[in-house]
Amino acid sequence: MMIYSIYFFVIGLIVGSFLNVMALRLLSGEDFVFERSKCPNCKAKIAWYDNIPILSYILLRAKCRQCGKGISIQYPIVELLTGLLFLFIYLNWGLSLKSVFLFVLTSLLIVITITDLKEEVIFDITSIPLIPLGLLYNFLNLGGENMLIPAIIGAIIGAAFFEIFSRIGMATVGQYAFGGGDTILGAALGAWFGWKFLIAILAMSVFFQAIYGIPIIFYNMYKRKDYASLWAMAGLLFAMVVSFFSKYLTYLGEPLVAIFVILMTFLLAGICVYIIFKKMRETQNHTMLPFGPPLVAAGFIVMFFGDYVSRYIPF
Ligand SMILES: [Zn+2]
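Residues numbered from 1 in each chain as written. Predicted model: local features only at pLDDT ≥ 70, side-chain atom pairs only at ≥ 80, totals over all residues. Heavy atoms only, no water.

Trainee: An account of the environment of tyrosine 75 is needed here, citing residue identities and associated values.
Mentor: Along the chain, tyrosine 75 falls in helix H3 (residues 74-93). Each C-alpha atom of the pair tyrosine 75 and threonine 172 lies 40 Å from the other, and the pair is 97 residues apart in sequence. If we ignore the near neighbours within four places in the chain, the residues touching tyrosine 75 are Asn20, Leu24 and Pro40. (Helix = DSSP H or I, 4+ residues; strand = E, 2+ residues; numbered from the N terminus. Contact = heavy atoms within 4.5 Å.)

Trainee: Describe the domain arrangement of the protein, with residues and values.
Mentor: Annotation of the protein at the domain level lists domain 1 (1-127) and domain 2 (144-315). Using C-alpha coordinates to define each centre, domain 1 is positioned 32 Å away from domain 2. At the junction of the two partners, domain 1 supplies 18 residues and domain 2 supplies 16 residues. When domain 1 packs against domain 2, close to 1500 Å² is buried across both sides, 80% of that on carbon and sulfur atoms. Applying the counting criterion to the domain 1 and domain 2 interface returns 1 residue pair in polar contact (both at pLDDT 80 or more). Taken together, the elements giving at least two residues each to the side of domain 1 that touches domain 2 come down to H3, helix H4 (97-119) and helix H5 (124-127). Counting residues per element, the side of domain 1 that touches domain 2 draws most heavily on H4, which supplies 9 residues. (Domains from an automatic or database assignment. Buried area = accessible area lost by both parts, 1.4 Å probe. Polar contact = N/O pair within 3.5 Å; in protein donor to acceptor, adjacent residues only side chain to side chain.)

Written out as C-alpha cells, the structure is:
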C-alpha cells in the first residue's frame, strides 16, 4: 500500500527528529521528554514551523532563525535515515507486531549510534531495555520459530565477547579495548538475533571497524614518529598476505615448503604483534574508536538481509 509507505516514512522522519533531541539531551543531562526544543546556541525556543523534519532545515538554509548559527547536518541525516529505516521495516514486515518491535529497536539503535559517535558513550537507558525486549521478541516467535534459546545464548555470548576482549586489552596493552556500553549492546544484539547472527554481526563489525580504523592507527603512529610500530604493522600485513596465499604453495607439490612458509609467517606475525603491544603499553595514548556504530550497522544488515547473511554462516 503506497499510502502506508508514505505514512511510515513520515512517521520515521518525525521519530528521527525526536531521537536527535533525545540523544543530545541525554548527552547534556537535560530532561528529554517535556522540554520544548531550543537552539543550542542562543537558547531561543524553536517554533513548530521551524521544527519540521528535513523541510525546516532546507527552508532555514541550515541556520537558526534567531541567531543565524549553523544547524548541524546531523539533524536531517538522522531524520532521513530513521524515515528510510521505518519505510523498509514496513515494506518488509507490513503492519505487524514484528514491525512495531523493530521500530523500537531501530529507534534505540539510532540514539546509541549518535551518542557513541559524538562522545563515545552508550547510555544504559538506551541499551539495557533492548535485552529483555529482544528476549520477549523471540519469546513471541517474532524472530523465527524456536529462537528463544538461541537468543538467550546470543545474549550471553554477546556480553562475554566484549568482557573477555576488554580484559585481554587491559592485560596486554593496559587499556580496556571496549567500553561497558559495548558489552550491553553486544548482549542486546544477541538477544534480538540469536547467537548465529550475533557471530556474523561481530565479524562484520570488526571488518567495518578495520576499514576506517586501520588508516587512523597508521596515521597516529606516523604522527608520533613511532617507526617501530609502523614496521611491525607492515610486517603483520605481509605475514597475513603470505599466509593467505600460502595454500597455493601446496599445489606446487611441496607441502613441506608450504608448512615452513606458514610457520615463518606465524613467527613474523607473533613478533610484530609483540612489538605493537609493547609500544602501545609504553605510549598509553591510543585513539579509541567507538565500536557501537559498526555494531549497529551490522545489526541493520542482519535485520534486513538476514536470509542472505545466513547463507554465509558456515554453522
Ligand atoms: Zn539560535
